[in-house]
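A look at the structure
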Amino acid sequence: MAGGDFGAQKEWLWRSAEPKASYDAIVVGGGGHGLTTAYYLAKYHGITNLAVVEKGWLAGGNMARNTTIIRSNYLWDESAAIYEFSLKQWEQWPDELDYDFLFKQCGVLNLAHTLQDVRDSQRRINANTLNGVDAEWLDPQDVADFCPIVNVSDDVRYPVLGGTLQPRGGIAKHDHVAWALARALDSMGVDLIENCEVTDFIKDGNRVTGVVTSRGRINAGVVGLASAGHSSVLAAKAGFRLPVQSHPLQALVSELYEPVHPTVVMSNHVHVYVSQAHKGELVMGAGVDSYNGYGQRGSFHVIEHQMAAALELFPIFSSARLLRTWGGIVDVSPDASPIIGSTPVENLYVNCGWGTGGFKATPGAGFTLAHTMATGEAHDLNKPFGLERFVTGALIDEHGAAAVAH
Amino acid sequence: MLLLTCPWCGPRDETEYHYGGQAHVPYPEDPAALSDEEWAQYLFYRDNPSGPYAERWSHSGGCRKWFNVVRDTRTYDFLAVYKPTDPRPEIEVTR
Ligand SMILES: Cc1cc2nc3c(=O)[nH]c(=O)nc-3n(C[C@H](O)[C@H](O)[C@H](O)COP(=O)(O)OP(=O)(O)OC[C@H]3O[C@@H](n4cnc5c(N)ncnc54)[C@H](O)[C@@H]3O)c2cc1C
Ligand SMILES: [Zn+2]
């Protein structure tokens, strides 16, 4: 496989393009979702007079900040469909893109600490099984066998009463994913335009015909937004509202350790999740800060909480040293499900609202946004995720239901 | 860690407070007259600006009263703190 080693340099993989005057399609946001949207527009819809415009550097947003957990054990049918579609893509993408993402299907274990957790977990296992998503119940002894460093004693505030395991879940190296997509796009002639912030939209009546950027005006037949936490800022410029709120979300890593942690462990109730990166850092994340923010940094007390939870679950980490923390800005929707589809502005489409969990859906997000931009119609996979659900009331309420609180 | 000043108790650590989202969102005057679209706006749509934002906080670990602030969502600086019955103060937007 080409370029899959740790030393891969992004400069070798794509050229940073100059904006042309006009494109058939423009995707705003050079994160995983934007890159994937462009990839599928080129691959399935033959649109290669196409640009991805990114205000910073390619994949420097949440794509570079997430904790890389991939799973598809969501409760509702609509979610299971798009996340499982994505997981199947993850399983074939390294071959398709000829790039080793270090996608490690080490399993994702979601712990239950209360009787209600246990019931919710078992309900979710049944739902997953009916949807063809792999899911197993582990009792506390099974948990200890599967991940021996988890403390399953009764002698803690929130004892582990069991957990759900999705064996096909795991982690991937997010930067590699972005670089692989960028290389593929470059070879298909797609322009990746960095340091190019969209500051406004060009409209003809209610139809978008281009974007105003920090590097000039660019005309476009169709525009797709994949700007994650900044989607409502852009929507406001285009003249409509989105039902999302942007929150800081943090993660942190320890120093490098020998492999001690064989899987991904998530706990909704005590709220921490822990995995070990390929290089050896313990990677930990928690919940969003309660308030809205665009500052890409979070509150210290969230870190304190997550460390307390981590230590109770993994006493072995008591002397682990923190190397660094960082924050991203995630946009959370009222039902904790994404919004993918048309907007009140013609020819302008949106993909947003992925909140804390959109990395795993990178393939599905791009696939459906590309389909919708190219055909003007939602694909079956994103039909339920349109903006109209907030008017019809057909919400897809994954808050807490999908194995993690938001 | 944010330091937020309750209008009744004074400056306290952010952990004493509970966040309540956008301020000045009145309950519909005539709920029965609202269309589905208007209900959706009232229930699910809130402003989400990058910049000054008028929002509600409750001093849940102290006097338990609600109050309003204007906070810059880019810097997290509190630009004004005021009682829930007061109007939103005029704030000059810098930057
Ligand atoms: C700390 C943290 C941990 C996470 N952990 C996980 C996890 O374990 N698993 C999981 O599935 N998900 C996780 N997520 C969520 C996941 O990262 C996001 O849902 C996903 O990355 C969003 O899609 P994206 O990759 O396109 O976003 P981004 O990578 O943020 O891409 C959006 C891009 O748009 C650009 N942009 C914004 N405004 C403009 C503009 N005006 N003009 C031009 N460009 C603009 C931004 O610079 C950015 O590069 C996590 C997120 C964070 C912050
Ligand atoms: Zn008070």
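Keep in mind that what you see is a predicted model, and the values were worked out from it rather than measured. (Residues numbered from 1 in each chain as written. Chains lettered and ligands numbered in written order. Predicted model: local features only at pLDDT ≥ 70, side-chain atom pairs only at ≥ 80, totals over all residues. Heavy atoms only, no water.)

**Details of the interface of chain B and chain A**
This is how the line gets drawn: By definition in these notes, contact holds between two residues if any of their heavy atoms fall within 4.5 Å. Two parts placed together each lose some accessible area; with a 1.4 Å probe, that loss summed over both constitutes the buried area. Salt bridge criterion: a side-chain nitrogen from Lys or Arg within 4 Å of a carboxyl oxygen from Asp or Glu. A 3.5 Å cut-off defines polar contacts: any pair of N or O atoms within that distance qualifies, except that in protein one atom must be a possible hydrogen donor and the other a possible acceptor, and neighbouring residues in sequence count only when both atoms are side-chain atoms. The helix count covers DSSP runs of H or I at least four residues long, the strand count covers runs of E at least two residues long, and both are numbered beginning at the N terminus.
At the interface, 24 residues of chain B touch 26 residues of chain A. Regarding the contact of chain B and chain A, the summed buried area is about 2,100 Å², with carbon and sulfur atoms giving 54% of it. Remark: the boundary between chain B and chain A carries 1 salt bridge. Put simply, Asp47 of chain B and Arg241 of chain A hold a salt bridge, and the shortest N to O gap is 2.7 Å. The interface formed by chain B and chain A contains 17 residue pairs in polar contact (both at pLDDT 80 or more). Mapped onto the side of chain B that touches chain A, the elements with two or more residues apiece are β3 (18–22), α1 (36–44) and β4 (52–58) of chain B. Considering every element that reaches the side of chain B that touches chain A, the biggest residue donor is α1 of chain B, with 5 residues.

**A short note on the coordination of the zinc ion (ligand 2)**
All names here are of chain B. Rules: Coordinating donors are taken as N, O and S atoms within 2.8 Å of the metal, stretched to 3.2 Å for Na, K and Ca; because water is absent from the atoms, sites can appear incomplete. A 1.4 Å probe rolled over the protein chains alone gives each residue an accessible area, and that area as a share of the maximum for its type sets the label: buried under 20%, exposed over 50%, partly exposed in between.
All of the protein donors around the zinc ion (ligand 2) are Cys6 (SG), Cys9 (SG), His59 (ND1) and Cys63 (SG); their distances to the metal are 2.0 to 2.3 Å. Sequence spacing of the donors to the zinc ion (ligand 2): C-x2-C-x49-H-x3-C. Exposure remark for Cys6: the relative accessible area of 1% places this residue in the buried category.

**Digging into the pairing of strand β11 (residues 216–225) of chain A**
The side chains of a regular strand alternate between the sheet's two faces. Residues and elements named next belong to chain A. The line we're drawing: Pairing between strands is defined by DSSP: at least two bridges between the two strands are required.
By the bridge criterion, 6 bridges tie strand β1 (residues 22–28) to β11 in an arrangement that is parallel. Residue pairing in the sheet places Ser22 in a bridge with Asn219 of β11. As defined by bridge partners, strand β10 (residues 207–213) adjoins β11 across 4 bridges and the pair is classed as antiparallel. Across the sheet, Gly210 pairs through a bridge with Asn219, a residue of β11. The antiparallel pairing of β10 with β11 creates a hairpin that spans 2 residues between the two strands. In this structure, β11 lies alongside strand β18 (residues 348–352), joined through 3 bridges in parallel fashion. The residue of β18 that forms the bridge with Val223 is Leu348.

**A few points about the pattern of salt bridges**
Residues and elements named next belong to chain A. By the definition in use, this model includes 17 salt bridges over all chains. For Asp134, the salt bridge identified is with Arg168, shortest N-O distance 3.0 Å. Of this pair, Asp134 sits in the loop between α4 (115–130) and β5 (136–138) while Arg168 sits in the loop between β6 (162–166) and β7 (170–171), placing them 34 residues apart in sequence. Each member of the pair Asp134 and Arg168 is classed as buried. Each of Glu84, Lys88, Glu91, Asp134 and Arg168 takes part in one network of salt bridges that share partners.

**What to know about the UniProt feature "domain: Rhodanese" (unreviewed entry) in chain A**
To be explicit about the condition: UniProt positions are given in the numbering used here, feature names are shortened, and annotations may be inferred rather than shown by experiment.
When the UniProt feature table is mapped onto this chain numbering, "domain: Rhodanese" (unreviewed entry) sits at residues 26–69 of chain A. For residues 26–69 of chain A, helix accounts for 41% and strand for 18%, while the C-alpha atoms at its two ends are 29 Å apart.

**Regarding the layout of surface pockets**
Basically, it comes down to this: Within this scheme a cavity is a closed region of a 1 Å grid, computed over the protein atoms alone, that accommodates a 1.4 Å probe without allowing it to escape, whereas a pocket is open but has protein on both sides within 12 Å along at least five of seven lines; lining residues each have an atom within 4 Å of a point. Grid points are joined across faces, edges and corners, and a volume is the space filled by probe spheres set on the points. Only Asp, Glu, Lys and Arg are considered charged in this grouping, and only Ala, Val, Leu, Ile, Met, Phe, Trp, Tyr, Cys and Pro are considered nonpolar; every other residue, Gly among them, is considered polar.
Computed from the structure, the second largest pocket encloses a volume of approximately 930 Å³. In terms of lining residues, the second largest pocket is bounded by 38 residues, among which His247, Val288, Asp289, Ser290 and Tyr291 of chain A are the most central. Of all the elements in the fold, those that place two or more residues in the lining of the second largest pocket are β12 (245–256), β15 (281–288) and α8 (300–313) of chain A together with β3, α1 and β4 of chain B. Looking at the lining of the second largest pocket residue by residue, the class counts come to 17 nonpolar, 17 polar and 4 charged.

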